[in-house]
Amino acid sequence: MEDKSFEEEHPTKAFGWAARDQSGVLSPFKFSRRSTGEKDVRFKVLFCGICHSDLHMAKNEWGFSTYPLVPGHEIVGQVTEVGSKVERFKVGDKVGVGCLVGSCHSCDSCSSNLENYCPEMILTYSAKYNDGTITYGGYSDIMVADEHFVVLIPENLPLDAAAPLLCAGITVYSPLRFFDLDKPGMHVGVVGLGGLGHVAVKFAKAMGVKVTVISTSPSKKQEALDHLGADSFLVSRDQDGMQAAVGTMDGIIDTVSATHPISPLIGLLKTRGKLVLVGAPVKPLELSVFPLIMGGKIVGGSGIGGMKETQEMIDFAARNNITADIEVISMDSVNTAMERLLKGDVRYRFVIDIGNTLKI
Amino acid sequence: MAKSPEEEHPHKAFGWAAKDTSGILSPFHFSRRDNGVEDVTIKILYCGVCHSDLHAAKNEWGFSRYPMVPGHEIVGLVTKTGSNVMKFKVDDRVGVGVMVNSCKSCEYCHQDLENYCPQMIFTYNAQNHDGTKTYGGYSDTIVVDQHFVVRIPDSMPSDGCAPLLCAGITVYSPMKYYGMTEPGKHLGIVGLGGLGHVAVKIGKAFGLKVTVISSSSRKEREALDRLGADSFLVSNDPAKMKAAFGTMDYIIDTVSAVHALAPYLSLLKTNGKLVTLGLPEKPLELPIFPLVLGRKLVGGSDVGGMKETQEMLDFCAKHNIAADVEVIQMDQINTAMERLAKSDVRYRFVIDVANSLSQSQL
């Protein structure tokens, strides 16, 4: 499609920044959004978090990106219009949209509030919507989404710092609950102190869990202990430290998406402990079976969460005053931010101030 | 200087042992301890040949000590009981499995999970508290702490019951722990050997739909007609495997060789669980995307505690489940081991110890 036809695809004009090719470099992009359907919620985007997935997708690292690609699935804003059949939202509400904007609503997963595992789930960007058009994400001025995939942001949560919860937050909240790693007194390890990891520490502490951060960077120790409230810090290359921690953890949330050894992590688990991967290394990892069997241990995975649980997570965050630690940037700094993100140079999420800095 | 195996303990014993990493077994004279206040002395009738016996005899896992008397699927008759032993009496038919002791004081022992006690002692190739080696069931007698002895239900045949003491509990325990007991759910079983065939029987008794997944299409009739599996999937038929993608709630993987997990993970539904029970010498490759995109998990399990082992035997008795066995004489053990290495057995060898061991001394 020529550039002009993106503007004419749908009835209302929209503006955002898009990647045009695998370089992943983003630039201004005029496009359009559908009319507000009877079940749709339309909102003015105020902030959008930069998830590491946005970087993977902008560069087509997973092989299914469609260009032009408007990233962004940690989107918050204010409702400007609701469709006639919308029940849960009204104009003026502060709302958010995460990684999903559609699902089949009829399979076993959808019936169990697990839209994230629906074989026909529709991603917020670079996916094919019900009407055959491509979805565009939150690095844009307005969003229109089916009510089912919109969550309400409670008044006491600052919008900019709440945005990352819509992906990072639910991605770590869901496995803490599902794998029963949320009981007071338990000991949970968090591997990797980035966007996902730092929120995992906050959620786990709020659940009454003892938290050990496991990281390759000794420089993150003070932050982890003093600022995030972790109980202890393990440097994964410190053999003595790792040895002393063997068999001490009920579970580990592993947020690292690069290839890395999991055997040392399995060693840290107690008998019947659970290692849950939420980062997704592309290549298979080596699994030594003996320790898994001798300790009755588990290696599992988890991906975001369903809509009901996403709202539950936001409400839990609001009750416990949990938000992400962010660096707010202007829209036109997004490429620089992406480069810094690639090097892990951010504490701990960039959030684009769409409302104030996205200008045509 | 350390005493010889024959002199180590007061009571003479005879068995067959592996003397080196060739794994070849031959007659071996040794001794058993006095029957202590907590102990039960057992005249061994039958002992199952577990694949672990083969791995251990050949030091495939790297921690074998020779001479080694294998055997941890033991059925026999009580000949003596210690003064604190209330639950057994002479002539009771009893069994001993994979463990003969644990610390009895840690959180795992307190939860009836002696199998996960850090100080658990294996029935053979391990060290007793007195520093002597444990010797297993390829022998005429064994002396065991009563806590690690189970009662064989009256209705069970001794030979068919022996393999349940390892193979049986090895599949029963994770089936309970991972919730594979909901009637109507779909269980896949990879590998139709000692573990696999018992898993089929127990799975059917739980009311599950059972699919046997095997690389040998020749096992299909057996699986369906005799063992009662509902379907059979040939794992190296890509089209059939693809048709079965996303259809199973659980998979029990009994294969002990190194093998790919990815095809089996694809067979699981969302939230599906794969429990791996075989002990390959090298690591397996674990793809992560399927785990994350489908919230699937891979778990391990190691036998079961003593309470659960008794529960398993009682369950099997109630459902008329015993292992399918080929009974052999003691002096046929080396041939049996060779056949076992080629999976040429339906589905467990069991040594008729009582009737053939003493003859092998001559």
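Bear in mind that the values here come from a model prediction, so they are computed numbers and not experimental data. (Residues numbered from 1 in each chain as written. Chains lettered and ligands numbered in written order. Predicted model: local features only at pLDDT ≥ 70, side-chain atom pairs only at ≥ 80, totals over all residues. Heavy atoms only, no water.)

Peer 1: Got a minute to help me understand the interface of chain A and chain B in this structure?
Peer 2: When the parts of a complex come together, some accessible area is lost, and that lost area is often taken as the interface size. Contact with chain A, which involves 35 residues of that partner, is made by 36 residues of chain B. Of the roughly 3,100 Å² buried where chain A meets chain B, counting both sides, 68% is carbon and sulfur surface. Considering only the side of chain A, the residues that lose the most area to chain B are Arg272, Phe290 and Ile293 of chain A, jointly responsible for 22% of the buried surface there. Where chain A packs against chain B, one counts zero salt bridges. At the junction of chain A with chain B, the criterion picks out eight residue pairs in polar contact (both at pLDDT 80 or more). Contributing elements (two or more residues each) for the side of chain A that touches chain B: helix H5 (168-178), strand E14 (269-277), strand E15 (285-287), helix H10 (289-294) and strand E16 (298-301) of chain A. (Contact = heavy atoms within 4.5 Å. Buried area = accessible area lost by both parts, 1.4 Å probe. Salt bridge = Lys/Arg side-chain N within 4 Å of Asp/Glu carboxyl O. Polar contact = N/O pair within 3.5 Å; in protein donor to acceptor, adjacent residues only side chain to side chain. Helix = DSSP H or I, 4+ residues; strand = E, 2+ residues; numbered from the N terminus.)

Peer 1: What is the right way to read the pattern of salt bridges from this model?
Peer 2: As a working rule, side chains carrying opposite charge can pair if their charged atoms are close by. Residues and elements named next belong to chain B. Tallied over the entire structure, the rule returns 31 salt bridges over all chains. In this structure, Asp230 engages Lys204 in a salt bridge whose closest nitrogen and oxygen atoms are separated by 2.7 Å. Highlighted residues: Asp230 in the loop between helix H6 (220-226) and strand E12 (231-234) and Lys204 in helix H5 (residues 194-205), separated in sequence by 26 residues. You can call Asp230 partly exposed: its relative accessible area is 40%. For Lys204, a relative accessible area of 30% translates into the label partly exposed. Between Arg339 and Asp344 there is a salt bridge, with the nearest N and O atoms lying 3.0 Å from each other. Since its relative accessible area comes to 39%, Asp344 is described here as partly exposed. When salt bridges that share partners are traced, they join Lys201, Glu222, Arg226, Asp324 and Arg346 into one network. (Buried < 20%, exposed > 50% of the residue type's maximum accessible area, 1.4 Å probe, protein only.)

Peer 1: Mind showing me how you'd approach helix H4 (residues 167-177) of chain B here?
Peer 2: An α-helical turn contains 3.6 residues, so any two residues separated by three or four positions project in the same direction. Residue and element names in this part refer to chain B. In terms of residue burial, H4 counts as a mostly covered element, since nine of its eleven residues are buried. Every buried residue of H4 is listed here: Ala167, Gly168, Ile169, Thr170, Val171, Tyr172, Ser173, Pro174 and Met175. Directly after H4, the chain includes Gly179, whose backbone phi takes a positive value near 70°.

Peer 1: Please clarify how empty space enclosed by the protein should be interpreted in this entry.
Peer 2: One water molecule sets the probe size; rolling that probe over the atoms shows where empty space is left. Residues and elements named next belong to chain A. What the rule picks out here adds up to three cavities of 30 Å³ or more. Approximately 170 Å³ is the volume found for the largest cavity. Around the largest cavity, the lining comprises 16 residues; the ones closest to its centre are Arg33, Arg34, Thr135, Tyr136 and Val144. The set of elements that each furnish at least two residues to the lining of the largest cavity consists of strand E2 (26-33) and strand E8 (142-146). It is E8 that provides the largest number of residues to the lining of the largest cavity, a total of four residues. A class-by-class count of the residues in the lining of the largest cavity yields seven nonpolar, five polar and four charged. (1 Å grid on protein atoms, 1.4 Å probe; cavity = no way out; pocket = protein on both sides within 12 Å on 5 of 7 lines; lining within 4 Å. Points joined across faces, edges and corners; volume = space filled by probe spheres on them. Nonpolar A, V, L, I, M, F, W, Y, C, P; charged D, E, K, R; others polar.)

Peer 1: What should I look at first to understand the UniProt feature "domain: Enoyl reductase (ER)" (unreviewed entry) in chain A in this one?
Peer 2: UniProt feature "domain: Enoyl reductase (ER)" (unreviewed entry): in the numbering of this structure it lies at residues 24-352 of chain A. Counting secondary structure, residues 24-352 of chain A comes out at 26% helix and 27% strand; the distance between its end C-alpha atoms is 17 Å. (UniProt positions renumbered as here; feature names shortened; annotations may be inferred.)

Peer 1: Explain the packing of H4 of chain B against helix H10 (residues 306-318) of chain B here, please?
Peer 2: A pair of packed helices is characterised by two quantities: the angle between their axes and the separation of those axes. Residue and element names in this part refer to chain B. Axis separation between H4 and H10 bottoms out at 10 Å; the angle between their running directions is 100°. The angle between the axes of H4 and H10 places the two elements in the roughly perpendicular class. Where H4 approaches H10, its residues Gly168, Ile169, Tyr172, Ser173 and Lys176 are matched on the opposing element by Glu308, Thr309, Glu311, Met312 and Phe315. (Axes fitted to C-alpha atoms, helices over the stretch in contact; angles between N-to-C directions. Parallel < 35°, antiparallel > 145°, perpendicular 65-115°, else oblique.)

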